[in-house]
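# Fold and geometry: a report
Below are the chains, spelled out letter by letter.
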Amino acid sequence: MVKKVLVTGGAGYIGSHTVVELFRSGYEPLILDDYRNSEVSVIGRIKQITGKAPEVILGDVCDEDLVNEIFQNHKLSGVIHFAAYKAVGESVEKPLKYYSNNISGLLSILKPICEMGNIPFVFSSSCTVYGEPQGLKEVNEQTPRSIPTSPYGYTKWLGEQIIRDAFLAQKELRLMNLRYFNPIGAHPSGLIGELPIGKPNNLVPFITQTAAGIHKELVIFGNNYPTIDGTCVRDYIHVVDLAEAHVKAIDYLLLQQKGCRETVNIGTGTGTSVLELVNTFKDENKIDLKFSFGPERPGDVIEIFANVNYAKSLLGWTSKNDTRDAVRDAWNWEKSIRNIK
Ligand code: UDP
């Protein structure tokens, strides 16, 4: 029988790519989304890619009655919970909005998971829980979590804590936190990708929009850091690889006979500086990009990248794409939505 997986936020950036990969692996994704940070056209685009239209329930994951109804009406084999706010800067300005939505949403979905006791659950966490790594910049899952630098970061930190405590009280649960590093890129078809609302805060959407002529130039925040070229270093992971990791996570949890709680880094294992990424973008896409160096962004982590050994040993997952593939797909996506030839 086809296994149904509930994907909250399934119309969003990472969610939509995960829905595609779930279909490709023989699962039946069921989306819960209210399109507040996505577009309904994504559903048709998923169908263009996979030949299958996912079922969509229009609604808010914080609506506990709705969520309970979904668990009653559908035989779910797993749940992947993406639906949450993710803009770091906005979370500093509107902390209560972030705590309220991100924590309520998690509790709303986790309650029926705990009541039913046997449905695998995957949580979107983030490398933000490591804060600024002290000493080694390559972090593994044993690296102590640090104090998050934003309310957004705290919602992920607290989310992991809630999941931990739920497991300690109920050892039959099957739970996994995936700690994403920096997701970038788009589907190689050019049909789905990131749709930032307003001026993007993240690096790659800002790069592609600048290349498309929407912004005058990219400002690189700081070039005097103690890194390879003075700019910050991150682990940029292609969104399709990240989506595949979710399928592997569900595969793994479904195979477990006993309860488990796992936390896994999802990155490439390679650090890339902002300047290196900009140069890769220019080189791969044969396009110029105007940039200048500006002041450091407050709260920026200087350097971090993932140790990905556990993802490999536990899930049999490693990233297949590199930053070249990712910036090509990101530019291809930007061109397709702006009708640039
Ligand atoms: N960055 C930049 N200019 C921008 C946006 C981002 O120089 O317009 C830098 C930022 O300082 C950081 C890196 O790009 O070093 C990645 O930033 P992003 O916001 O995408 O991810 P995060 O900081 O959350 O890892």
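Let me sum up the structure you'll find in this document. Throughout this description, residue numbers start from 1 for each chain and increase along the sequence as written. Side-chain atom pairs in this predicted model are given and counted only at pLDDT of 80 or more, local residue features only at pLDDT of at least 70, and totals for whole chains, interfaces and linings cover all residues. Side-chain calculation: all heavy atoms of the structure are included, whereas hydrogens and water are not.

### Thoughts on the packing of helix α9 (residues 274-285) against helix α11 (residues 323-338)
Using the following cut-off: For helices, the fitted axis covers only the stretch in contact; all axes are lines through C-alpha atoms, and the angles between them, taken along N-to-C directions, range from 0 to 180 degrees. Helical segments are the DSSP runs of H or I of at least four residues, strand segments are the runs of E of at least two, and each set is numbered from the N terminus. The labels follow the angle: roughly parallel below 35 degrees, roughly antiparallel above 145, roughly perpendicular from 65 to 115, and oblique for the rest. Handedness of a helix crossing follows the sense of rotation of the near helix relative to the far helix, less than a right angle counterclockwise being left-handed and clockwise being right-handed. Pairs of residues are marked as contacts when any of their non-hydrogen atoms sit within 4.5 Å.
Close contact between α9 and α11 brings their axes to 9 Å; oriented N to C, the two are set at 65 degrees. The orientation of α9 with respect to α11, classified from their angle, is roughly perpendicular. Where α9 crosses over α11, the two elements pack in a sense that is right-handed. Only Thr323, Arg324, Val327, Arg328 and Trp331 of α11 make contact with α9, whose side of the interface consists of Leu277, Thr280, Phe281, Asp283, Glu284 and Asn285.

### A word on unusual backbone geometry
Working note: non-glycine residues mostly have negative phi, and peptide bonds are mostly trans. A positive phi angle, close to 50 degrees, is found at Lys286, a residue other than glycine. Inspection of the secondary structure assignment puts Lys286 in the loop between α9 and β14 (291-294). Positive phi values are uncommon outside glycine, yet Asn339 reaches one of about 55 degrees. Mapped onto the fold, Asn339 is located in the segment after α11.

### Looking at the nonpolar core
Rule in force here: Nonpolar cores are built from buried Ala, Val, Leu, Ile, Met, Phe, Trp, Tyr and Cys residues. Side-chain atoms within 4.5 Å join them into one set. Residue exposure (1.4 Å probe, protein chains only): buried if accessible area is under 20% of the type maximum, exposed if over 50%, otherwise partly exposed.
Counting 39 residues, the largest nonpolar core has Met176, Leu178, Val264 and Ile266 as the members making the most contacts within it. Those elements giving two or more residues to this core turn out to be β1 (4-8), α1 (13-24), α2 (41-50), β7 (174-180), α8 (239-255), β12 (260-266) and α10 (309-315). The biggest single contributor to this core is α8, with nine residues. Excluding anything up to four places from it in sequence, Ile266 contacts Leu178, Arg179, Tyr180, Phe181, Ile237, Leu242, Ala245, Ala311 and Trp317. Within the second largest apolar cluster, 25 residues are counted, among which are Val67, Leu110, Cys114 and Phe167.

### Remarks on the packing of aromatic side chains
In this description, a pair of aromatic rings is defined by centroid distance and the angle of the planes. Note the cut-off: Planes of paired rings set the category: under 30 degrees apart is stacked, over 60 is edge-to-face and the rest tilted, where pairs are Phe, Tyr or Trp rings (Trp by its six-membered ring) whose centres lie within 6.5 Å.
Enumeration over the complete set of coordinates arrives at five aromatic pairs. A centroid spacing of 5.9 Å and a plane angle of 75 degrees characterise the contact between Phe281 and Trp331, whose relative ring orientation is edge-to-face. Here the residue Phe281 occupies a position in helix α9, and Trp331 occupies one in helix α11, the gap between them amounting to 50 residues. Relative accessible area serves as the criterion here: at 5%, Trp331 is assigned to the buried category.

### Focus on the pairing of β7
The condition is simple: The rule for pairing is simple: two strands pair if DSSP sees at least two bridges between them.
Along β7, seven of the seven residues are buried, which leaves the element largely enclosed by surrounding structure. Neither face of β7 is left uncovered, since the one carrying Arg174, Met176, Leu178 and Tyr180 and the one carrying Leu175, Asn177 and Arg179 both have all their residues buried. When strand β5 (residues 121-126) meets β7, the two strands line up parallel, connected through six bridges. The residue of β7 that forms the bridge with Phe123 is Asn177.

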